[in-house]
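# Tertiary structure, described
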Amino acid sequence: METLSENRCFGGVQGVYRHRSNITGCDMTFGLFLPPQAARGPVPLLWYLSGLTCTHENAMTKAHAQSHAAAAGMAVVFPDTSPRGEGVADDPAYDLGQGAGFYVNATQDPWAPHFRMWDYIAIELPRVLMANFALDDSRQAITGHSMGGHGALTLAMRNPGRFASVSAFAPIANPTASDWGRKQFTAYLGADQAAWAAHDATLLMRETGFRGPVLIDQGSQDQFLDLLRPEALAEAMTARRQPGTFRMQEGYDHSYFFVASFIGDHIGFHAQALAE
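Residues numbered from 1 in each chain as written. Predicted model: local features only at pLDDT ≥ 70, side-chain atom pairs only at ≥ 80, totals over all residues. Heavy atoms only, no water.

This paragraph deals with the packing of aromatic side chains. Aromatic ring pairs are described here by two measures, namely the spacing of the ring centres and the angle between the planes. For the structure on display, the rule yields 14 aromatic pairs. Here the aromatic rings of F169 and F258 are separated by 6.0 Å at their centres, their planes lie at 85°, and the arrangement is edge-to-face. On the criterion of sequence distance, the pair formed by F169 in strand β7 (residues 166-169) and F258 in helix α9 (residues 256-275) is long-range, its members being 89 residues apart. As far as burial versus exposure is concerned, F169 and F258 are alike and both buried. Through a chain of ring-to-ring contacts, three or more aromatic side chains come together here, namely F169, Y252, F258 and F262. A cation over an aromatic ring shows up here: R158 above the ring of W118, its NZ or CZ 4.1 Å from the ring centre. (Phe/Tyr/Trp six-rings, centres within 6.5 Å; stacked < 30°, edge-to-face > 60°. Helix = DSSP H or I, 4+ residues; strand = E, 2+ residues; numbered from the N terminus. Buried < 20%, exposed > 50% of the residue type's maximum accessible area, 1.4 Å probe, protein only. Lys NZ or Arg CZ within 6 Å of the ring centre and 35° of its normal.)

Right, let's get into the side chain of Q249. As for its placement among the helices and strands, Q249 is situated in strand β9 (residues 244-249). With a relative accessible area of 13%, Q249 lands in the buried category. A distance of 2.9 Å separates polar atoms of two side chains, one belonging to Q249 and the other to D217. Q249 has contacts with D217, Q218, G219, S220, F258 and F262, leaving out every residue within four places of it along the chain. (Polar contact = N/O pair within 3.5 Å; in protein donor to acceptor, adjacent residues only side chain to side chain. Contact = heavy atoms within 4.5 Å.)

The next point concerns the side chain of E124. Considering the arrangement of structural elements, one finds E124 in helix α3 (residues 117-132). One buried charged side chain, E124, makes no salt bridge at all; its nearest oppositely charged neighbour is R127, positioned 7.5 Å away. Here the side chain of E124 touches S21 through a polar contact of 2.5 Å, side chain to side chain. A distance of 2.8 Å separates a polar atom in the side chain of E124 from the backbone nitrogen of N22. In this structure, E124 is in contact with H19, R20, S21, N22, I23 and D119, ignoring residues within four places of it in sequence. (Lys, Arg positive; Asp, Glu negative; His and termini not counted. Salt bridge = Lys/Arg side-chain N within 4 Å of Asp/Glu carboxyl O.)

This part takes up helix α5 (residues 179-189). Every buried residue of α5 is accounted for by W180, G181, Q184, F185, A187, Y188 and L189. Each buried residue of α5 sits inside an arc of 165° when the element is viewed along its axis, so together they form one side. As for α5, its buried residues are in contact with α4 (147-158) and α7 (225-228). The distance from a side-chain oxygen at the start of α5 to the backbone nitrogen of W180 is 3.0 Å, and the residue carrying that oxygen is S178. At the C-terminal side of α5, G190 shows a positive phi close to 100°. (Arc of directions from axis to C-beta.)

The full count for this structure, using the stated rule, is nine salt bridges. We note a salt bridge from D27 to R20, for which the minimum N-O separation is 3.5 Å. The class of D27 is partly exposed, set by a relative accessible area of 40%. Close ionic contact of D265 with R247 constitutes a salt bridge, the shortest N to O distance being 3.0 Å. Remark: R247 occurs in strand β9 and D265 occurs in helix α9; sequence separation between them is 18 residues. Residue classification places D265 among the partly exposed residues on the basis of a relative accessible area of 38%. Relative accessible area serves as the criterion here: at 24%, R247 is assigned to the partly exposed category.

Where a protein is soluble and globular, its nonpolar side chains tend to be buried together. F30, L32, L129 and Y188 are the most contacted members of the largest nonpolar core, which totals 88 residues. A total of eight residues in this core trace back to one element, the largest contributor, which is α3. With residues up to four places along the chain from it excluded, the contact list for Y188 reads L96, G97, A100, G101, F102, V104, A106, T107, Q108, W111 and F115. (Core = buried A, V, L, I, M, F, W, Y, C linked by side-chain atoms within 4.5 Å.)

A few words now on unusual backbone geometry. Excluding glycine, residues mostly carry a negative phi; peptide bonds, for their part, are mostly trans. D109 connects to P110 through a cis peptide bond whose omega is 5°. Even without glycine at this site, F10 takes up a positive phi of about 50°. Take F10: it is sitting in the loop between β1 (2-9) and β2 (12-20). Phi at H64 takes a positive value of approximately 60°, unusual for a residue other than glycine. Along the chain, H64 falls in the loop between α1 (57-62) and α2 (66-72).

This paragraph deals with the packing of α3 against α4. Closest axis-to-axis distance for the α3/α4 pair is 12 Å, and the angle between their directions is 55°. Taken as axis vectors, α3 and α4 run oblique relative to one another. Note on packing geometry: the crossing formed by α3 with α4 is right-handed. Residues W118, I121 and A122 of α3 touch α4, and the partners they reach there are T154, L155 and R158. Counted by class, the contact of α3 with α4 contains four nonpolar, one polar and one charged residues. (Axes fitted to C-alpha atoms, helices over the stretch in contact; angles between N-to-C directions. Parallel < 35°, antiparallel > 145°, perpendicular 65-115°, else oblique. Left-handed = near helix turned anticlockwise from the far one by under 90°. Nonpolar A, V, L, I, M, F, W, Y, C, P; charged D, E, K, R; others polar.)

Rendered as structure tokens:
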């Protein structure tokens, strides 16, 4: 693993690191904030999964999570959203290819050799983190924004017991019924829609739910509401009587200004769950 940068931040360290991934077959970069408490021993870990077009850097610099995480004694990891580099397939569209991994394992060409973001987030990156940093493997939570909210919800529901809590900002909530999902799933997973269901938070909520608290924040003025389909997830949560909170935040859009406005609530929410 290579250290690209480390900066003092709210008494802790905001680092950026790169490692060779066996799963994606290319170099992968991630950001990691370690709070000051990590100097005394392992700390809990919050995963932050980013959305379309993002790298590890967007949330790391725009979400303003570090001050809240330092106060809670919580580390935050900011993975990249896709494989990158020479020889990695791409597409001219912003919502497919590099920057748009959708947190799935692609089975179709030309994506299959590198686009294995599910296994990278679920298996490989956790091992890298636990082997190199003062993190408590038994205390993890997950959140994300937009495409990353989709990833956070699906990873949480399909890995029972791993995450104490899950939250999301404006998640792509029902991708099998949205152009933000159907296009990408067809490209990455093929035309058989049966393979898509495992990556749809609304369908997973109806089928299994999540054994723990859930927090969803959605802006009422989000310019992508029709693509996100938050109403489908809210209905699924209600039908399942899922313990959790779904908040429609008046006047907020899809930007990082929205995320930054409520990131403190989400970190507090996860800190409480991790303390129980």
